[in-house]
Protein chains: 2
Amino acid sequence: MEISEIGEFGLIRRLTEGIQPQNPSTIKGVGDDCAVLSPAKDTETLVTTDLLMEGIHFDLTYVSLKLLGYKAAMVNISDIYAMNGTPRQMTVSLAISRKFAVEDIEDLYEGLRQACSKHGVDIVGGDTTSSVTGLAISITVIGEARREDVVYRNGAKPNDVICVSGNLGAAYMGLQLLEREKAVYNQQLKEAQAKGNKQEIERLQSIQPDFAGKEYLLERQLKPEARGDIVKALAEAGIKPTSMMDISDGLSSELMHICSQSHVGCRIYEERIPLDYETAVCAEEFNMNVTTCALNGGEDYELLFTVPLSQNDAVANLPDIKVIGYITEEQKGQILVCRDGNEFQLKAQGWNPLSKQ
Amino acid sequence: MEISEIGEFGLIRRLTEGIQPQNPSTIKGVGDDCAVLSPAKDTETLVTTDLLMEGIHFDLTYVSLKLLGYKAAMVNISDIYAMNGTPRQMTVSLAISRKFAVEDIEDLYEGLRQACSKHGVDIVGGDTTSSVTGLAISITVIGEARREDVVYRNGAKPNDVICVSGNLGAAYMGLQLLEREKAVYNQQLKEAQAKGNKQEIERLQSIQPDFAGKEYLLERQLKPEARGDIVKALAEAGIKPTSMMDISDGLSSELMHICSQSHVGCRIYEERIPLDYETAVCAEEFNMNVTTCALNGGEDYELLFTVPLSQNDAVANLPDIKVIGYITEEQKGQILVCRDGNEFQLKAQGWNPLSKQ
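None of these values were measured; they are calculated from a predicted model. (Residues numbered from 1 in each chain as written. Chains lettered and ligands numbered in written order. Predicted model: local features only at pLDDT ≥ 70, side-chain atom pairs only at ≥ 80, totals over all residues. Heavy atoms only, no water.)

Draft legend 1. Representation of the sheet that holds strand β5 (residues 122–130) of chain A within the structure. Taken together, 6 strands build an open sheet; the order of strands is β5(A)-β4(A)-β6(A)-β3(A)-β2(B)-β1(B) and the sheet is mixed. Edge positions in the open sheet fall to β5 of chain A together with β1 (26–28) of chain B, since each of these has one partner strand only. Strand after strand, the sheet turns through a mean of 20° between neighbouring axes, direction not considered. Relative to the sheet, helix α1 (residues 3–16) of chain A contacts β4 (86–96) and β5 of chain A, its axis offset from that of β5(A) by approximately 145°. Against the sheet, helix α2 (residues 65–81) of chain A contacts β3 (43–53), β4 and β6 (136–146) of chain A, and its axis sits at roughly 30° relative to β6(A). (Pairing = 2+ DSSP bridges. Helix = DSSP H or I, 4+ residues; strand = E, 2+ residues; numbered from the N terminus. Axes fitted to C-alpha atoms, helices over the stretch in contact; angles between N-to-C directions. Contact = heavy atoms within 4.5 Å.)

This is the structure in structure tokens:
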């Protein structure tokens, strides 16, 4: 169905039908000039926002709209956890070009709603409009945390231990796989079209790429999970990080943010950086250094945090958390100690959407 | 300066330099995973968001980036006032294509900051990224209101009087003027180019359109003002509207929202709809019905609200507020009474970005 058949208000009605707020703090969702929220007593309100543009942040040749919606929601939810907070509400703004049908946008919303429902988030508003080219998705997530629980990037102190959840570099390897398949496919299609080989064109258009054995890497790229479980585990263990952020641009880049905002240095050990077996195999296949992928790959949406040295044992005992180094005095710099004992200054080579690369 | 020279973080630093939070509720602005706000006791949090796309919502051939920033901020601030709240914080996300320089985005921010400073709003975060084509601006404004002060669209009751601030239709006439000048200019330029008339091309490129006598209409279109003054005046007069919204899509469309959400009808009088003299003159010039412009024009960002009949005199005495009719039982429909006594059903013909028009 063409979106123009039902217009803006018709589309909003279809998309938001049956949305029932789950949070007592959601007083009024979609349907007025503003959403109205009632923050719990003695909590602070956390706000994060992301703008995702087709052709820059996502490529619909290999991402379904449902997965895109899921990821778009998840990366914002992840920012709330990165402050040690609980995500509560979300607004969703979409600018939609003519190539999309009502059903496409419903798929996108399906993904959004799945991610929201997993983390107890209410969709409370947004904006739906048209676009000259491509799809734009702007998401804002609002969360809350008790005043004394909020964790910033600037609280790391010398001797704090540096921790990472999950493993790193897998999402980046997943992207490499998808990009490679796309390049191969486009090349084959171009050749078949040049030859006018109709049969081959049809064959190419019908086949699905074979990613057997690489499912984990693709999932990490296409369907990241915000680590609310880690935030919960830390709280249950009575551990409050001194600094925290989520890893969206790569470990190096994020660690440098914590160091510069906390006015400290750091020392991390290559051998301790958590890697999945598939990431290592795939990096080898691509002739890439797996540590570089883990340091600079980005999009892992794992949590990077520091805890006082006194809590080293407590944190090391928690599942899926790895201590990778410690915080030092600022003048000692930001150091990576390699397996061979060599030391390097960390560099932020993470994704920079406005750089020349 | 090209944006790629300084990258995302360099640009954010330049844009947010010197921003000092004005609100005690702004605990942490730009620079962490989330902004952190501390809502005042017993207040509710209001959230509104808009996504503006180049080629759909704005045309940079006749809007400067500074004015665009000002308007983008103002239309969101207006939504907070429409809930009877006070705007406090704003997040700004931009997707920027290569045609923009650092200075362009600084101009846009200058406009945003001007609007924010006028209404005491702190810029607390956002996202800055690239775009394949054109500019996308996503703004979220957060406000607050005491629990008992929030005004929704659904509280209008039969016999309430219907009020409008300022005057209507001027912003729409301003748009007509700009569109006409653009069409004339493009036609002249095309002809000069076809003839290879270099002198004429240069002349055309250097002249400024003459809008003498029409400044008010242009200002209404290009530099709308959110009516915080009306919200303040109502509060000072001890009047709490029973329903309220701002007029962004046209009086008809907004009044129908209030009626459908409040389950009421309405009766408004053509002769009472507030019009500026320039709007009437310009409508005549364009051979348009000025009432139609006022009903369906949109982008006035005036406030439409209802108050109990008992407060009719109190509200009518306030400056810049006009009583245009009253609320009826739902089954009486939504009626416009014309100057000649004829009655018509109101129709929502306001701007619909996803319709076929």
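Draft legend 2. How the structure looks around the interface of chain B and chain A. In this assembly, 68 residues from chain B lie in contact with 67 residues from chain A. When chain B packs against chain A, close to 5,500 Å² is buried across both sides, 57% of that on carbon and sulfur atoms. There are 4 salt bridges connecting chain B and chain A. Where A:Arg153 meets B:Asp32, a salt bridge forms, and the shortest distance between an N and an O atom there is 3.5 Å. With 10 residues, strand β3 (residues 43–53) of chain B is the largest single contributor of residues to the side of chain B that touches chain A. Grouping the constituent residues of the side of chain B that touches chain A by class yields 29 nonpolar, 24 polar and 15 charged. Relative to β3(B), strand β2 (residues 35–37) of chain A runs antiparallel, the two being bridged by 3 bridges. Looking across to β3(B), one finds that A:Leu37 is bridged to B:Thr45. (Buried area = accessible area lost by both parts, 1.4 Å probe. Salt bridge = Lys/Arg side-chain N within 4 Å of Asp/Glu carboxyl O. Nonpolar A, V, L, I, M, F, W, Y, C, P; charged D, E, K, R; others polar.)

Draft legend 3. Representation of the environment of B:Ile96 within the structure. All names here are of chain B. Inspection of the secondary structure assignment puts Ile96 in strand β4 (residues 86–96). Distance from Ile96 to Gly134, taken between C-alpha atoms, is 6.5 Å for residues 38 residues apart in sequence. When neighbours within four sequence positions are excluded, Ile96 is seen to be in contact with Ile3, Leu11, Ile105, Thr128, Thr129, Ser130, Ser131, Gly134 and Leu135.

Draft legend 4. Summary view of the packing of α2(A) against helix α3 (residues 102–118) of chain A. Residue and element names in this part refer to chain A. Where α2 contacts α3, the axes come no closer than 6 Å and their chain directions differ by 40°. For the pair α2 and α3, the sense of crossing is right-handed. The segment α2 lies against α3, with Leu65, Lys66, Leu68, Gly69, Tyr70, Ala73, Met74 and Ile77 engaging Asp104, Asp107, Leu108, Glu110, Gly111, Leu112, Gln114, Ala115 and Lys118. Residue classes in the contact of α2 with α3 are distributed as 9 nonpolar, 3 polar and 5 charged. (Left-handed = near helix turned anticlockwise from the far one by under 90°.)

Draft legend 5. Region of interest: the relation of the copies chain B and chain A. The two copies are related by a screw motion: chain B maps onto chain A through a turn of 180° and a shift of 0.0 Å along the axis, at an RMSD of 0.0 Å. When the rotation and shift are considered jointly, the pair of chain copies conforms to a two-fold rotation axis. The C-alpha atom lying nearest the rotation axis in chain B is that of B:Ser138; the distance is 3.3 Å. When the interface residues of chain B are mapped onto chain A, 99% of them again lie at the interface, so the same face is used by both copies. (Least-squares fit on C-alpha atoms with pLDDT ≥ 70 in both.)

Draft legend 6. Structural context of the packing of aromatic side chains. All told, the structure shown has 1 aromatic pair over all chains when counted by the stated rule. Ring centres 6.5 Å apart and planes at 35° place the aromatic pair B:Tyr269 and B:Tyr326 in the tilted group. Of this pair, B:Tyr269 sits in strand β9 (residues 264–269) while B:Tyr326 sits in strand β11 (residues 321–329), and the two are 57 residues apart along the sequence. For A:Lys223, the ring lying beneath its charged end belongs to A:Tyr70, and the centroid distance is 4.4 Å. (Phe/Tyr/Trp six-rings, centres within 6.5 Å; stacked < 30°, edge-to-face > 60°. Lys NZ or Arg CZ within 6 Å of the ring centre and 35° of its normal.)

Draft legend 7. Spatial organisation of the confidence of the model for chain A. On average, residues of chain A score 93 in pLDDT, and 97% of them are at 70 or above. For this predicted complex, the interface confidence comes out at an ipTM of 0.91, alongside a pTM of 0.93. (pLDDT = per-residue confidence, 0-100.)

Draft legend 8. Just the state of the cysteines, in detail. For the structure shown, the criterion picks out 0 disulfides over all chains. With no disulfide of its own, A:Cys259 lies closest to A:Cys266 among cysteine sulfurs, the gap being 3.8 Å. (Disulfide = S-S within 2.5 Å.)

Draft legend 9. Structural view of the pairing of β5(A). Burial runs high along β5(A): 8 of the 9 residues are buried. Remark: the β4(A)/α3(A)/β5(A) crossover connection has right-handed handedness. (Buried < 20%, exposed > 50% of the residue type's maximum accessible area, 1.4 Å probe, protein only. Right-handed = clockwise from strand over helix to strand, strands pointing away.)

Draft legend 10. Local environment of the sheet that holds strand β1 (residues 26–28) of chain A. With mixed pairing, the 6 strands of this open sheet are ordered in space as β1(A)-β2(A)-β3(B)-β6(B)-β4(B)-β5(B). With one partner strand each, in any of the chains shown, β1 of chain A together with β5 (122–130) of chain B form the two edges of the open sheet. Between one strand axis and the next, the sheet turns through 20° on average, direction left out of account. As defined by bridge partners, β3(B) adjoins strand β6 (residues 136–146) of chain B across 11 bridges and the pair is classed as antiparallel. Counted as the bridge partner of B:Glu44 is B:Ala145 from β6(B). Together, β4 and β5 of chain B form the strand contacts of helix α1 (residues 3–16) of chain B, whose direction differs from that of β5(B) by roughly 145°.

Draft legend 11. Here's a closer look at the nonpolar core. With 71 residues, the main nonpolar core has B:Met90, B:Ile137, B:Phe305 and B:Val315 as its most contacted residues. Looking at this core, the element that brings in the most residues is helix α2 (residues 65–81) of chain B, giving 9 residues. Discounting residues that sit within four places of it in the chain, B:Phe305 has contacts with B:Val161, B:Ile162, B:Cys163, B:Ile230, B:Leu234, B:Pro241, B:Ser243, B:Met244, B:Val315 and B:Ile321. One finds A:Leu11, A:Val92, A:Leu94 and A:Ala170 within the second-largest nonpolar core, a separate group that totals 70 residues. (Core = buried A, V, L, I, M, F, W, Y, C linked by side-chain atoms within 4.5 Å.)

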